[in-house]
Amino acid sequence: ADGFAGLQIIDISNPSSPTVVSTVRVPDPDNPVFGAVVITDIYVQGKYAYAGNSQTSGTNADFTIFDISNPRKPRVVGYIDDYTNLGAIRKLFVSGRYAYVLSNGKLNIIDISNPALPVIVKTFSDSVNLSEAYDMEVADKHTGEVASRVAVADAQAIDRAIAAAVAAAGPMRKMGAYQRQAVLN
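Note that this is a predicted model, so its numbers are computed, not measured. (Residues numbered from 1 in each chain as written. Predicted model: local features only at pLDDT ≥ 70, side-chain atom pairs only at ≥ 80, totals over all residues. Heavy atoms only, no water.)

(A) Summary view of the packing of aromatic side chains. Using the criterion set out here, one finds 3 aromatic pairs in the structure. Look at Y43 and F93: their rings are 5.1 Å apart centre to centre, the planes differ by 75 degrees, and that puts the pair in the edge-to-face class. Placement of the pair is Y43 in strand β3 (residues 39–45) and F93 in strand β7 (residues 89–95), with a sequence separation of 50 residues. For the pair Y50 and F63, a centre-to-centre distance of 6.4 Å together with 25 degrees between the ring planes defines the contact as stacked. With a gap of 13 residues between them, Y50 in strand β4 (residues 48–53) and F63 in strand β5 (residues 63–67) connect regions that are remote in the sequence. Grouping residues by exposure puts Y50 and F63 together as buried. (Phe/Tyr/Trp six-rings, centres within 6.5 Å; stacked < 30°, edge-to-face > 60°. Helix = DSSP H or I, 4+ residues; strand = E, 2+ residues; numbered from the N terminus. Buried < 20%, exposed > 50% of the residue type's maximum accessible area, 1.4 Å probe, protein only.)

(B) Focus on the nonpolar core. Formed by 13 residues in total, the largest nonpolar core has its most connected members in Y50, F63, V101, I110 and I112. Per-element accounting of this core gives the leading share, 3 residues, to β7. When near neighbours in sequence (up to four residues on either side) are disregarded, I112 contacts Y50, F63, I65, V94, G96, R97, Y98, A99 and P118. Core analysis: the next-biggest nonpolar cluster, separate from the first, contains 8 residues, L7, I9, V24 and I68 among them. (Core = buried A, V, L, I, M, F, W, Y, C linked by side-chain atoms within 4.5 Å. Contact = heavy atoms within 4.5 Å.)

(C) Quick peek at the sheet that holds β4. The antiparallel open sheet is built from 4 strands, whose spatial order is β3-β4-β5-β6. Two strands close off the open sheet at either side, each with one partner strand: β3 and β6 (75–80). For this sheet, the mean angle separating the axes of adjacent strands, direction not counted, is 25 degrees. Pairing analysis gives 6 bridges linking β3 to β4, with the strands arranged antiparallel. When the sheet's bridge partners are listed, I39 is paired in β4 with N53. (Pairing = 2+ DSSP bridges. Axes fitted to C-alpha atoms, helices over the stretch in contact; angles between N-to-C directions.)

(D) Quick look at the side chain of S22. Within the secondary structure, S22 is located in strand β2 (residues 19–24). From its side chain, S22 meets the backbone oxygen of P71 in a polar contact 2.5 Å long. For S22, the residues in contact, after removing those within four places along its chain, are L7, Q8, I9, P71, R72 and P74. (Polar contact = N/O pair within 3.5 Å; in protein donor to acceptor, adjacent residues only side chain to side chain.)

Right under this line is the structure:
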């Protein structure tokens with residue numbers, strides 16, 4: 001995901017020289033300046049890339065499915081235009097036939113079994129607990145095992161984490177291995 005640039009597929013077969021193979025933009029008629037939505041999160045599973053955008057109004061595809069089976073010619077195969085439920089998508093995760101999408105105080109579950117026609121099957125609204133949610137954990141309903149955890153942090157949170165890690169490096173070196181393991185667990 002590259003903001004207004006849209007979905008970019010990058011060849012990393014040579015790590016010292018990654019190259020952009022293709023770019024696909026999601027048109028936005030409500031944005032005459034850039035003409036495209038801002039893709040904020042993307043999840044790839046199999047031959048599909050699932051993308052969400054940060055728009056909170058307008059007539060645009062808020063959740064888009066791309067067929068990336070031909071990396072040189074990715075194409076939009078399906079989308080949902082529902083900014084009431086999907087406006088300002090923050091995070092998305094795909095597992096099996098469902099996409100789980102966090103957006104503006106809502107968790108949406110989308111049936112993606114037909115990529116050409118994704119359908120919201122359930123929306124959970126909770127403006128208190130989900131309004132500032134930037135991460136999501138998806139667990140297997142049979143085992144309770146976490147299948148995936150995704151998170152977002154702003155620049156200040158990252159700076160604080162780096163400063164804390166740097167400050168802890170010296171004291172951690174002085175600890176025995178068993179003590180470090182206990183702290184990290």
